[in-house]
Amino acid sequence: MSEQPIKVALLAPQDGSPVAAAEGLDKRKDLRLTKRSEHLSKVNGTGVALAQSHDIILFHADSVNDADLKAITGMRAEGKSAKLVAIASDAMKVTDLYRLKNAGVAEVIPDSITPDDLYQQLMSYARAAAPAAHAAPAALPHMRRGRVITVTQSRGGIGSTTVAANLADQLQDRRRRFSKTEPNRVVLVDLDIQFGTIAAAFDAPPNEVLYELAVNGDIPDAFVVEEALHRLESGLSILTAPDQFAPLDALKPEQLKALVANLRLRFDYVIFDLPRALVDWLAPLIEETDLMLMVTDTSVPSIRQARRLINFYTEENTDLEVQIVVNRESKPTFKRSHHKAAEKVLERQLLHWLPEDPHAAGRALDHGVPLSKAAGRSALSKSIYRLGRAAKKSLDETKKQPKVVKE
Ligand SMILES: Nc1ncnc2c1ncn2[C@@H]1O[C@H](COP(=O)(O)OP(=O)(O)OP(=O)(O)O)[C@@H](O)[C@H]1O
Ligand SMILES: [Mg+2]
């Protein structure tokens, strides 16, 4: 910016929430303030002119409606245009935040900001204003196509969350941290939206995004996904289940499709802990799955359920690779007759084995950390390590034969 004062338009309708931090802006020497008493959605015809004659348009947003979004898009549509800056309360929903950003709002500032800080922020926005200020969210730094692993179970409580969480931990391959290559980027998503326990497993907070998506029906984009992720100290990213009970059937297949597509772009491995219920929004995920792990024990009822589920999932994705993880049983030197019978029913090998180890599993849960940290030398942790290596190897092999993508 030159020495010219920056031009800020403040939309401050009489019946709207006042922008308290804007107090005193009109007294600043290097800022010229225009106050307008219309609502954002009412600037209509004059919106473009307002945007063209100012550097910044400042407005208050508690919630977002379609008329507001239309006004924002309209202001951005033509040539030179002011930077749109929204002041919002902490209570604003992530989905509303996303809608604002997606429509073209450049910055959203919490309404708790002080007048001095607001002034500083506005000055720095105006100085940094570049032609691309209103462009769509920046391109992703690394365009990846991560591999999708879904973890499911033949019966409740068999240990599928334990497998998903610790597999995610292993796939980071942090042993490489002293080498020149970076650890793998891994994200773990808790799709057990009503009873998920990933948050507890990592001593992390619940996240309401899946609840809000279920209620609002919005399609999540990169911004929403980014906001929803919680990054652990280990580098693992997690998307935890909401605290509020979301209706299980309220998510939509298109939402899952967008979520998976976004996560695949930014992570090497995307791991989903599936809910026990068979819901239609899982279909796009099953179609995108590169490897499904079915966690089971070898009892007859569990094997029968595993078979039914495999039938169901392979109907969704005929190429689906399903591998069996036997939990709470050490790998036998020789398979016993009931193991062989199970393999026959499943038409698959009992491939991975994780021993019963209540001490290690309990320690990990108590401390809210993965097994590698709680009991790295335990037999269970070592078996998970082997599972991670084997999963990676089989994914590397299938990568060489790319799937035919159905439209
Ligand atoms: N190999 C194991 N040895 C001992 N305990 C285990 C083992 N695997 C899991 N557990 C314990 O079993 C309990 C259930 O595990 P987990 O939550 O992973 O199961 P789940 O299949 O995800 O259950 P849900 O059906 O509730 O989602 C946990 O207390 C976990 O620590
Ligand atoms: Mg679980």
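Everything numeric in this text was worked out from a predicted model, so none of it was measured. (Residues numbered from 1 in each chain as written. Chains lettered and ligands numbered in written order. Predicted model: local features only at pLDDT ≥ 70, side-chain atom pairs only at ≥ 80, totals over all residues. Heavy atoms only, no water.)

Digging into the overall build of the protein
Across its full length, the protein holds 15 helices and 13 strands. In terms of principal-axis extent, the alpha carbons of the protein reach across some 85 × 40 × 40 Å. A buried classification covers 50% of the 407 residues belonging to the protein. Sequence separation of at least 24 residues holds for 78% of the intrachain contacts in the protein that already meet a minimum separation of 6. (Helix = DSSP H or I, 4+ residues; strand = E, 2+ residues; numbered from the N terminus. Buried < 20%, exposed > 50% of the residue type's maximum accessible area, 1.4 Å probe, protein only. Contact = heavy atoms within 4.5 Å.)

Observations concerning the packing of aromatic side chains
What describes a pair of aromatic rings is the distance from one ring centre to the other and the angle between the planes of the rings. Under the defined criterion, the tally for this structure stands at two aromatic pairs. Taking 5.8 Å as the distance between ring centres and 65° as the angle between the ring planes, the aromatic pair formed by Phe 195 and Phe 245 counts as edge-to-face. With Phe 195 in the loop between strand S7 (186–190) and helix H6 (198–201) and Phe 245 in the loop between strand S9 (237–239) and helix H9 (253–266), this residue pair connects regions lying 50 residues apart in the sequence. For Phe 245, a relative accessible area of 57% gives the class exposed. (Phe/Tyr/Trp six-rings, centres within 6.5 Å; stacked < 30°, edge-to-face > 60°.)

Thoughts on the pattern of salt bridges
On inspection of all chains with the given rule, the structure shows 14 salt bridges. A salt bridge links Arg 28 to Asp 116, with the shortest nitrogen-to-oxygen separation between them at 2.7 Å. Highlighted residues: Arg 28 in the loop between strand S1 (6–11) and strand S2 (31–36) and Asp 116 in helix H4 (residues 115–128), separated in sequence by 88 residues. Two residues, Arg 328 and Glu 356, come together in a salt bridge whose shortest N-O distance is 3.4 Å. With Arg 328 in the loop between strand S12 (322–327) and helix H12 (337–346) and Glu 356 in the loop between strand S13 (352–354) and helix H13 (358–367), the pair connects residues that are 28 residues apart, well separated along the chain. Looking at Glu 356, the relative accessible area reads 44%, which means it is partly exposed. Several salt bridges converge on common partners, so that one network encompasses Arg 147, Arg 264, Glu 288 and Asp 290. (Salt bridge = Lys/Arg side-chain N within 4 Å of Asp/Glu carboxyl O.)

Quick notes on the sheet that holds strand S6 (residues 147–153)
Across the sheet, which stays open at both edges, the eight strands sit in the order S8-S9-S7-S10-S6-S11-S12-S13 with mixed pairing between neighbours. If you trace the sheet from one side to the other, it starts and ends with strand S8 (230–231) and S13, each paired once. Pairing of S8 with S9 involves two bridges; the strand directions are antiparallel. Paired with Arg 231 across the strands is Ser 237, a residue of S9. This element, H9, spans S6, S7, S9 and strand S10 (269–273) of the sheet and lies at about 145° to S10. (Pairing = 2+ DSSP bridges. Axes fitted to C-alpha atoms, helices over the stretch in contact; angles between N-to-C directions.)

What about the environment of Glu 227?
Its place among the elements puts Glu 227 in helix H8 (residues 222–228). Overall, Glu 227 belongs to the partly exposed group, its relative accessible area being 41%. Sequence spacing of Glu 227 and Ala 374 is 147 residues, and the spatial spacing of their C-alpha atoms is 29 Å.

Considerations on the nonpolar core
Generally speaking, soluble globular proteins have nonpolar side chains that are buried together. Core analysis: the biggest nonpolar cluster contains 69 residues, and Phe 59, Leu 191, Leu 263 and Phe 272 have the highest contact counts within it. Sort the elements by how many residues they give to this core and helix H11 (residues 300–316) lands first, with five residues. Both domain 1 (6–134) and domain 2 (147–399) contribute no fewer than three residues apiece to this core. Discounting residues that sit within four places of it in the chain, Phe 59 has contacts with Leu 11, Leu 40, Ile 72, Leu 84, Val 85, Ala 86, Ile 87, Leu 100 and Val 105. Listed in part, the 36 residues of the second largest apolar core include Ala 201, Leu 291, Val 325 and Leu 387. (Core = buried A, V, L, I, M, F, W, Y, C linked by side-chain atoms within 4.5 Å. Domains from an automatic or database assignment.)

Things to note about unusual backbone geometry
Leaving glycine aside, a negative phi is the common case for residues, and trans is the common case for peptide bonds. One non-glycine residue, Asp 203, lies in the positive phi region at around 50°. Mapped onto the secondary structure, Asp 203 falls in the loop between H6 and helix H7 (209–216). Unlike most non-glycine residues, Glu 347 shows phi in positive territory, near 55°. Turning to its location among the elements, Glu 347 is positioned in the loop between H12 and S13.

Looking at the domain arrangement of the protein
Per the domain assignment, the segments of the protein are domain 1 (6–134) and domain 2 (147–399). With centres defined by C-alpha atoms, the gap from domain 1 to domain 2 works out at 42 Å. Contacts between the two partners involve eight residues from domain 1, matched on the other side by ten residues from domain 2. Surface buried jointly by domain 1 and domain 2 totals about 800 Å² across both partners, of which 67% is contributed by carbon and sulfur atoms. On the surface where domain 1 and domain 2 come into contact, there are zero salt bridges. (Buried area = accessible area lost by both parts, 1.4 Å probe.)

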